Structures are given as structure tokens and as C-alpha cells.
Amino acid sequence: SQVRFDYSLASNVISEDEIKSMEKITNDAKDVLLSKSGAGSDFLGWIDLPVDYDKDEFARIQKAAQKIQSDSEVLLVIGIGGSYLGARAAIEFLRHGFYNSVSKEIRKTPEIYYCGNSLSGTYLKQLIEVVGDRDFSVNIISKSGTTTEPAVAFRIFKEMLENKYGKEEAAKRIYATTDKAKGALKNLATEEGYETFVVPDDVGGRFSVLTAVGLLPIAVSGADITKLMEGAADMRQTCLNKDFAENDSLKYAAIRNILLRKGKSVEILCNYEPSLHYVSEWWKQLFGESEGKDQKGLFPASVDLTTDLHSMGQFIQDGSRIMFETVMELENPSLDVTINEEPVDLDGLNYLSGKTLDFINKSAMKGTQLAHTDGNVPNLSVKLPKQDEFSLGQLFYFFEFACGVSGYILGVNPFNQPGVESYKANMFALLGKPGYEAQREELMKRL
Ligand code: PA5
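You'll find the protein entered in an unreviewed UniProt entry as Glucose-6-phosphate isomerase, with Jutongia hominis given as the organism. What the UniProt record of the protein gives under Subcellular location (unreviewed entry) is the line "Cytoplasm". Per UniProt, the protein carries the Function (unreviewed entry) text "Catalyzes the reversible isomerization of glucose-6-phosphate to fructose-6-phosphate."

Pasting the structure below:
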């Protein structure tokens with residue numbers, strides 16, 4: 001079973017002629033991607049990652065994960081953006097929905113908390129409280145090794161580890177995932193003797209979930225990283241080798257661009273399972289950072305349904321007609337609940353007795369898709385067969401490949417992120433970082 005793309009509900013707004021004309025453009029974009037002849041071609045390492053990765057490092061990741069599982073009650077994953085979202089997306093999708101709060105007997109693996117993805121002192125103070133005096137390890141993840149948010153959080157937890165275990169023992173509980181040679185984190189790791197894992201030069205942050213960046217925390221959570229890679233490798237075969245008619249990732253790339261050209265400037269990724277929330281967060285970074293440049297691009301948004309039908313549903317049904325939806329449908333959830341009959345039907349729900357929550361959820365989904373279609377919001381669908389590693393590996397690759405192709409259709413470099421730097425310079429100036437004195441003076445006048 002495969003992750004599949006279905007646009008049949010949008011056939012009223014997209015003609016076969018439009019698809020035909022986009023087919024050529026899409027195939028050209030795919031050729032540019034695979035021949036590495038387009039902008040950003042230094043960052044295409046992700047294309048072959050599922051089949052061409054460092055097997056020794058992969059084994060080291062599994063070994064490190066086992067050590068963390070055996071000597072730590074808590075793992076802190078420190079990273080931001082592409083150095084954080086993939087791991088969280090996978091762990092929340094693949095493991096227990098109440099991972100940190102369910103009993104240890106059920107979870108079996110360390111609690112996992114994420115930090116270094118904001119600058120909130122309250123969050124860090126409370127996290128320190130959560131860790132308490134329990135045994136813990138840290139995975140600090142930063143490709144550049146200089147990003148402020150994770151660096152600040154790491155300084156705090158490094159000190160906490162050293163106070164608790166002493167410098168030498170603390171070093172054995174710190175795992176650094178960073179560039180193979182450069183950056184402050186690499187230097188620090190070498191100096192202090194931390195075990196290190198590599199973010200390959202040719203893989204950008206948002207495409208790095210299948211490197212040590214994602215794989216170490218995912219392995220610590222108890223999910224099967226071998227199956228995740230197998231799923232991605234399977235989807236890679238399809239993406240690279242199938243013609244347009246049978247290549248769902250290419251069709252998704254084509255159709256979202258058709259809709260953009262028709263004036264739909266927002267794509268909302270919808271899910272009906274809370275476990276997919278962080279897959280949407282990962283997807284927003286992937287597409288937002290890849291396509292939002294040169295004053296162009298679809299704005300990637302997301303909603304959790306049916307939850308947000310009670311908040312954003314009104315706008316989607318009836319507000320500005322600027323969006324289309326892509327629904328991630330989990331076809332076969334692993335768990336379910338059935339509604340029982342009650343002798344007296346006080347709550348009026350007996351008409352649902354014998355029905356499963358999945359049946360009710362899918363009915364809500366289908367009803368919503370039709371209602372939104374009628375409200376002029378084209379609906380696309382990405383079908384995910386199962387809540388498992390193989391399906392998720394497929395889904396990650398499906399979106400990554402579509403993103404590369406879609407970016408080239410749009411005419412941007414999908415693999416850089418020049419806009420991410422602007423806030424950093426201002427922040428450094430305001431914080432008084434050496435070298436930013438002139439900019440600081442300018443900014444202070446404006447505040
Ligand atoms: O995709 C990106 O490049 C960014 O989101 C980065 O992943 C993020 O800024 C973290 O960067 P780094 O891994 O260098 O700390």
C-alpha cells in the first residue's frame with residue numbers, strides 16, 4: 001500500500017487541458033531537479049538519502065539510542081526549524097498520543113521534551129522543573145552550530161548536566177548533531193569529547209529528517225528507523241521512475257501550481273488525527289521556506305480537524321476565497337472505539353450505536369470536503385495507508401520531492417532561505433553582539 005494523491009474532488013475547477021499543459025512544465029522541473037542543473041543544486045543530497053546513507057553512522061545512531069534508553073529517564077532534544085520539526089512530527093505520529101504522560105510500562109522509552117525552539121525563559125524554567133533530579137541526556141542539533149535559540153538552551157542544560165554528573169560523565173550524555181567540520185558546536189563537541197553525528201553538507205535543515213537530525217530522537221522514542229527509511233526508499237522509486245500519469249508527487253506539485261495560478265494563494269493542510277499535527281508543522285516549514293521568496297509562493301497554513309471546524313471552519317467555508325485545502329487522510333487508524341447503545345436515548349446518540357469513531361470521523365471528513373468544495377474551496381487529498389513508519393517514510397519523501405519540483409515550477413530556488421537571516425541581524429544588534437554596533441544605533445533610534 002502506498003501514499004496516494006487524489007484530486008477527483010477538485011475536478012470541477014481543474015480541467016484535463018490544464019493538467020496536460022502543466023504535465024510538460026512539471027516534467028521539465030523534475031528533469032532540472034534530477035540533473036542537478038537548477039538553482040540550489042548543492043543541496044540535493046536528500047534525493048538519494050533513503051538508499052545512500054552512511055550505514056556506519058546509522059548503526060551508531062541505533063547504539064546511541066539504546067544507551068539513552070538504558071541510562072536516561074528523559075531526553076532533551078534541542079533544535080529549531082529543520083533541526084527539530086521532523087523528529088517531533090515522526091515521534092508524535094508514530095508513538096503514543098500521550099507519549100510523555102502515559103505510564104513508563106506502556107511507553108517503555110525515555111520521556112522526550114523539545115527545547116531551543118523558542119526564547120521563552122518560562123518554558124525553560126518549567127522544563128528544568130520537569131526534568132527534576134532524574135537521569136537525562138541531551139541531543140543538541142544544529143547544522144550551523146551557531147543558532148541562538150538552541151545554543152542558549154544548550155548552555156543551560158549542559159551546565160545542569162555538569163553539575164549533576166561532573167564534566168566527564170556529562171560529556172557521555174551529550175550527543176551533538178552538526179556539521180562534520182565547522183561551527184561553534186562542532187568545536188565545542190571536539191573539545192569536550194561528545195559523540196557527534198553529521199548533518200551532510202548537501203542536505204538543508206528542512207530536508208534533513210532522514211539524517212541523524214531526525215533519526216536519533218526518533219530511534220530513542222522506540223520507533224523503527226529502518227522501516228522509516230524503507231518507506232522513503234519505496235516512495236523515491238515511484239517519484240524518480242514513474243511517468244507523470246502514475247507519479248502522484250508530480251501531480252500534487254502540478255495541481256497546487258495550477259491552483260496558485262488561478263488565484264488561490266493559501267494552501268491549508270488538514271488532518272483529522274491529532275497525531276498528524278506536527279507533520280503539518282514540518283510540512284509548513286518545508287513548503288514555506290522553500291517557496292516563499294522573490295515575492296512569490298503559496299502561503300502554507302494548517303488546521304487540525306474536526307477541532308478547528310469550530311474556530312476556522314466559518315472562514316474556510318465562507319470567508320475570503322483565497323485558499324484550497326489538502327486533506328491528509330489516515331485510511332486505517334491502528335486503534336478505534338465503538339459507540340454503545342444506551343437503553344434510554346437521553347443524549348440522542350443511539351443512531352450512532354455500533355458505529356466506530358473512525359466511521360464518524362470519516363463521515364465528518366467527507367461531509368466537510370463536500371461542503372468546502374461547494375463553498376469554492378478546492379479540495380485535494382493525500383491518503384496515508386497506516387499509522388506506521390513505512391507510510392510516514394513515504395509521506396516525508398512524497399512531500400519533499402513535490403516541494404523540489406513545485407519550487408522549480410514556481411521559478412524560485414527551493415533550497416535556500418535568505419529571508420531567515422533578517423531577524424537574526426536585528427536581534428544580534430539589539431542584544432549587543434560584537435560587530436553589530438552601527439546597526440544597533442540605527443535600530444535604537446526606531447524603538
Ligand atoms: O531550514 C532551515 O535552514 C532552518 O529552519 C534551520 O533548520 C534552522 O534555522 C536551524 O538551523 P541550524 O540547524 O543551523 O541550527
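Moving on from the coordinates now.
Caption draft 1: Main features of the overall build of the protein. The helix and strand tally for the protein stands at 17 helices and 10 strands. At 23 Å, the protein has a C-alpha radius of gyration in line with the 22 Å of a compact globule built from 447 residues. Based on the C-alpha atoms only, the size of the protein along its principal axes is roughly 65 × 60 × 50 Å. Taken over 447 residues, the protein has a buried fraction of 42%. The long-range fraction of contacts in the protein, counting pairs at least 24 apart against all pairs at least 6 apart in sequence, stands at 78%.

Caption draft 2: Structural context of the packing of helix α1 (residues 16–34) against helix α15 (residues 389–410). At a closest axis distance of 8 Å, the pairing of α1 and α15 adopts a crossing angle of 115 degrees. On the basis of the axis angle, α1 is roughly perpendicular to α15. Of the two possible hands of crossing, α1 and α15 adopt the one that is right-handed. Residues Ile-25, Thr-26, Ala-29, Lys-30, Val-32 and Leu-33 of α1 lie in contact with α15, whose contacting residues are Gly-404, Val-405, Tyr-408 and Ile-409. By residue class, the composition of the contact of α1 with α15 is seven nonpolar, two polar and one charged.

Caption draft 3: Main features of the confidence of the model for the protein. Per-residue confidence for the protein gives a mean pLDDT of 97, with 100% of residues at or over 70. Reported confidence for the predicted complex is 0.97 by ipTM and 0.97 by pTM.

Caption draft 4: Region of interest: the sheet that holds strand β1 (residues 4–6). With mixed pairing, the five strands of this open sheet are ordered in space as β1-β10-β9-β7-β8. The outermost strands of the open sheet, each flanked by one partner alone, are β1 and β8 (299–304). With direction set aside, neighbouring strand axes in the sheet form an average angle of 25 degrees. The pairing of strand β9 (residues 323–332) with strand β10 (residues 379–386) spans seven bridges and is classified as parallel. Pairing of Glu-329 across the sheet is with Lys-383, part of β10. Strands in contact with helix α14 (residues 357–374) are β9 and β10; relative to β9, the strand with the most contacts, it is inclined by about 165 degrees.

Caption draft 5: Structural view of the sheet that holds strand β5 (residues 174–178). Read from one edge to the other, the open sheet built from five strands follows the order β3-β2-β4-β5-β6, with strand pairing classed as parallel. Looking along the sheet, the strands with just one partner apiece sit at the ends: β3 (111–115) and β6 (195–198). Each adjacent strand pair in this sheet contributes to an overall mean axis angle of 20 degrees, direction not counted. Each of β2 (74–78), β3, β4 (136–142) and β5 touches helix α6 (residues 148–165); the most contacted strand, β4, lies at about 155 degrees to it.

Caption draft 6: Main features of the nonpolar core. By size, the foremost hydrophobic cluster in this structure holds 113 residues, and its most contacted members are Val-77, Ile-78, Ala-90, Leu-216, Ile-218 and Val-405. The contact partners of Val-77, leaving out residues within four places of it in the chain, are Tyr-84, Ala-87, Ile-112, Tyr-114, Asn-139, Ile-141 and Pro-217.

Caption draft 7: Summary view of unusual backbone geometry. With an omega of 5 degrees, the peptide bond running from Leu-305 to Thr-306 counts as cis. The topology assignment puts Thr-306 in the loop between β8 and α13 (313–318). Positive phi is not limited to glycine here, since Lys-36 has a value of about 55 degrees. For Lys-36, a count of 13 C-beta atoms within 10 Å translates into the label partly exposed. At Asp-294, a residue that is not glycine, the phi angle is positive and equals roughly 55 degrees.

Caption draft 8: Region of the structure containing the UniProt feature "active site" (unreviewed entry) in the protein. Following the UniProt record, the feature "active site" (unreviewed entry) maps to Glu-289 and Lys-424 here. With respect to the secondary-structure elements, Glu-289 resides in helix α12 (residues 277–291). With residues near it in sequence (within four places) discarded, Glu-289 still touches Arg-206 and Gln-417.

Caption draft 9: Broad picture of the packing of helix α3 (residues 85–94) against α12. At a closest axis distance of 7 Å, the pairing of α3 and α12 adopts a crossing angle of 155 degrees. As the angle between them shows, α3 and α12 are arranged roughly antiparallel. For α3 against α12, the interelement crossing comes out left-handed. Between α3 and α12, the contacting residues are Leu-85, Gly-86, Arg-88, Ala-89, Glu-92 and Phe-93 on the first element and His-277, Tyr-278, Val-279, Glu-281, Trp-282 and Gln-285 on the second.

Caption draft 10: Representation of the pairing of β4 within the structure. Burial of β4 is extensive: seven of the seven residues sit out of reach of the surface. Across the two faces of β4 the burial is the same, with Phe-136, Val-138, Ile-140 and Ser-142 and Ser-137, Asn-139 and Ile-141 all buried. Bridge count for β2 against β4 is five bridges, and the pairing is parallel. Looking across to β4, one finds that Val-77 is bridged to Asn-139. The pairing of β4 with β5 spans five bridges and is parallel.

Calculation criteria
Residues numbered from 1 in each chain as written. Predicted model: local features only at pLDDT ≥ 70, side-chain atom pairs only at ≥ 80, totals over all residues. UniProt positions renumbered as here; feature names shortened; annotations may be inferred. Helix = DSSP H or I, 4+ residues; strand = E, 2+ residues; numbered from the N terminus. Rg over C-alpha atoms; globule rule 2.2 N^0.38 Å. Buried ≥ 20, exposed ≤ 12 C-beta atoms within 10 Å, placed from the backbone. Contact = placed C-beta atoms within 7 Å. Axes fitted to C-alpha atoms, helices over the stretch in contact; angles between N-to-C directions. Parallel < 35°, antiparallel > 145°, perpendicular 65-115°, else oblique. Left-handed = near helix turned anticlockwise from the far one by under 90°. Nonpolar A, V, L, I, M, F, W, Y, C, P; charged D, E, K, R; others polar. pLDDT = per-residue confidence, 0-100. Pairing = 2+ DSSP bridges. Core = buried A, V, L, I, M, F, W, Y, C linked by C-beta atoms within 7 Å.

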